[in-house]
Amino acid sequence: MKPQALITGGSRGIGAAICDQLAADGFHVLVHYGHNETAAAQVVERIQHAGGTAESMQCDLLQSDAIIDLFARITATKKGLKVLVNNAGVNIDALLMRMQDKDLDAMWTVNTKAAILCARAASRLLMKENGSSMIQIASVVGECGSAGQSAYAATKAALIGFSKSLARELASRQVRVNVVTPGYIMTDMTGGLTEAQKEAILRTVPLGFLGTPRDVASVVGFLASSSSRYITGQVLGVNGGMYM
Ligand code: NDP
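Cut-offs used in this document
- Numbers given for residues are sequential positions, taken from 1 along each chain in its written order.
- Residues qualify for local features only when their pLDDT is at least 70, as the model is predicted, and side-chain atom pairs are given and counted only at 80 or more; totals for whole chains, interfaces and linings, by contrast, use all residues.
- With hydrogens and water stripped out, all remaining heavy atoms of the structure feed into the side-chain values.
- One heavy atom within 4 Å of a molecule or strand is enough for the residue carrying it to be called near that molecule or strand.
- Think of a polar contact as two N or O atoms within 3.5 Å of one another; within protein, one of them needs to be a possible hydrogen donor and the other a possible acceptor, and neighboring residues in sequence only count if both atoms come from side chains.
- In this description, accessible areas are obtained by the Shrake-Rupley approach with a 1.4 Å probe, and a residue is regarded as covered only by the protein chains that are shown.
- Strands here mean DSSP runs of E at least two residues long; helices mean DSSP runs of H or I at least four residues long; both are numbered from the N terminus.
- Note: two strands are recorded as paired if DSSP finds a minimum of 2 bridges between them.
- Orientation is described by axes fitted as lines to C-alpha atoms, over the contacting stretch for helices, and by angles from 0 to 180 degrees between their N-to-C directions.
- By definition in these notes, contact holds between two residues if any of their heavy atoms fall within 4.5 Å.
- Any cysteine sulfur atom paired with another within 2.5 Å is treated as part of a disulfide.
- For the exposure calls, accessible area comes from a 1.4 Å probe over protein chains only, and a residue counts as buried if that area is under 20% of its type's maximum, exposed if over 50%, partly exposed in between.
- Salt bridge, as applied in this entry: a Lys or Arg side-chain nitrogen positioned within 4 Å of an Asp or Glu carboxyl oxygen.
- In this scheme, roughly parallel covers angles under 35 degrees and roughly antiparallel covers those over 145, while 65 to 115 is roughly perpendicular and the rest are oblique.
- What makes a crossing left-handed is the near helix being turned counterclockwise from the far one by less than a right angle; a clockwise turn instead makes it right-handed.
- Residues are grouped as follows: nonpolar covers Ala, Val, Leu, Ile, Met, Phe, Trp, Tyr, Cys and Pro; charged covers Asp, Glu, Lys and Arg; every other residue, Gly included, is treated as polar.

Enquirer: So, the site of the ligand: which residues are in play, and what are the values?
Expert: As a structural note, the neighbourhood of the ligand is formed by 32 residues, with Asn 87, Tyr 152, Lys 156, Ile 185 and Thr 187 the closest of them. In this structure, an oxygen atom belonging to the ligand sits 2.8 Å away from a side-chain N or O atom of Ser 11. In the environment of the ligand, an oxygen atom lies 2.5 Å from a nitrogen or oxygen atom belonging to the side chain of Tyr 152. Bound to the protein, the ligand loses 95% of the 900 Å² it would expose on its own. Among the elements of the structure, α1 (13-24), β2 (28-33) and α6 (150-170) are those that each provide at least two residues to the shell around the ligand.

Enquirer: Give me the lowdown on the sheet that holds strand β3 (residues 53-58), citing residues and values where you can.
Expert: Across the sheet, seven strands lie side by side as β3-β2-β1-β4-β5-β6-β7; this open sheet has parallel pairing. Two strands close off the open sheet at either side, each with one partner strand: β3 and β7 (235-238). Shown here is a sheet whose adjacent strand axes are inclined to one another by a mean of 20 degrees, direction ignored. Sheet strands in contact with helix α4 (residues 101-127) are β4 (83-86) and β5 (133-137), and its direction is about 175 degrees off that of β4. In the packing of α6 onto the sheet, the strands contacted are β5, β6 (176-182) and β7, and the crossing angle to β6 comes to about 160 degrees.

Enquirer: Mind laying out the state of the cysteines, listing which residues take part and the relevant values?
Expert: For the structure shown, the criterion picks out zero disulfides. Here Cys 59 is not disulfide-linked; the sulfur of Cys 118 is the nearest cysteine sulfur, at 6.5 Å. We classify Cys 59 as buried; its relative accessible area is 2%. Judged by relative accessible area, Cys 118 falls into the buried class, the value being 1%.

Enquirer: I'd love a proper account of the environment of Ser 228, names of residues and values included.
Expert: Mapped onto the fold, Ser 228 is located in the loop between α8 (213-224) and β7. Distance in space between the C-alpha atoms of Ser 228 and Gly 52 is 23 Å, their sequence separation being 176 residues. In contact with Ser 228, not counting residues within four places along its chain, are Arg 176, Phe 222 and Leu 223.

Enquirer: Describe the pattern of salt bridges, naming the residues involved and giving the relevant values.
Expert: Inspection of every chain in the model, using the stated rule, returns five salt bridges. Two residues, Asp 188 and Arg 12, come together in a salt bridge whose shortest N-O distance is 2.8 Å. Remark: Arg 12 occurs in the loop between β1 (4-7) and α1 and Asp 188 occurs in the loop between β6 and α7 (195-202); sequence separation between them is 176 residues.

Enquirer: How would you summarise the packing of α1 against helix α2 (residues 37-49) if you had to cite specific residues and measurements?
Expert: Between α1 and α2, whose axes approach to 10 Å, the crossing angle comes to 25 degrees. The angle between α1 and α2 falls in the class roughly parallel. As α1 packs across α2, the resulting crossing turns out to be right-handed. For the pair α1 and α2, contact is made by Ala 16, Cys 19, Asp 20 and Ala 23 and by Val 43, Arg 46 and Ile 47, respectively. Considering only residue class, the contact of α1 with α2 consists of five nonpolar, no polar and two charged.

Enquirer: Describe the side chain of Ser 11, listing the residues and the values that go with them.
Expert: Looking at where Ser 11 falls in the secondary structure, it is placed in the loop between β1 and α1. You can call Ser 11 buried: its relative accessible area is 11%. Here Ser 11 is in contact with Ala 16, Val 31, His 32, Tyr 33, Asn 36, Ala 39, Ala 40 and Val 43, once residues within four sequence places are set aside.

Enquirer: Explain the pairing of β1 to me, using residue names and the numbers behind them.
Expert: Of the two faces of β1, the one lined by Gln 4 and Leu 6 and the one lined by Ala 5 and Ile 7 are each fully buried. Looking at chain direction, β1 and β2 are connected through four bridges and run parallel. In the strand pairing of β2, Ala 5 is matched with Val 29. The sheet contact formed by β1 and β4 spans three bridges and is parallel. Looking at the pairing, Ala 5 lines up with Val 83 of β4.

Note that every value here comes from positions in space, so none of it alone points to a role or purpose.
Set out below in structure tokens:
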């Protein structure tokens, strides 16, 4: 039986590339999605076409009860869980003085609270496996800050402190917890940037180009594998040198 990996927000962008990567690495992939059933089904189909195995699982991460139900469904399969990737995220840019309460709530609930609730529910399952791993997708802006993204940056910086603490809690059970902090990656989330904005961003990226979802996925693949068995509580930047 293949080990299972759950990727939240696996329906699109970075999450979809992580699903492809982990399926190619031999995992049975649980492609979580919130609202994009069709996109999640396409990821499953693509993985199966490439010779892997996957299935999609719906859950609105804004609802705590739905998260409990998601993990009850995974536990009921009795197939275990070896890897959790907390990837789903929401980014709503605004200068702090114009930040709406509802946008702050949405970012905090999906980016931080849901990731913590998923981590809590997954811990029990991960502890039962050998060499299991949890990976949070935070952001470079949680490390270096970004004007117009203070609330988003706060939700991502919180994930870093959370992960380092959890890495210490779970280390004796051989469950590793790490964080990946992408820089600017071309996905729907960054699709709205104007050419002028992209040029301004590129001036801050020493390598001189924007990343792709695969650039992040390959690092997650490494952190999910035994090649990283001595790495826990770390933050790995995938940002073209934007933050060193
Ligand atoms: P996308 O906007 O392309 O995709 C977001 C994913 O999150 C989707 O799969 C979406 O599922 C899921 N999601 C959002 N809200 C909910 C919800 N309420 N319930 C369930 N699922 C939800 O994002 P990216 O691929 O660009 O980003 C992935 C992660 O990487 C995020 O955490 C983001 O903050 C982080 N990141 C991205 C960067 C970038 O440049 N793109 C840079 C740094 C970090 P569905 O569509 O099915 O609802």
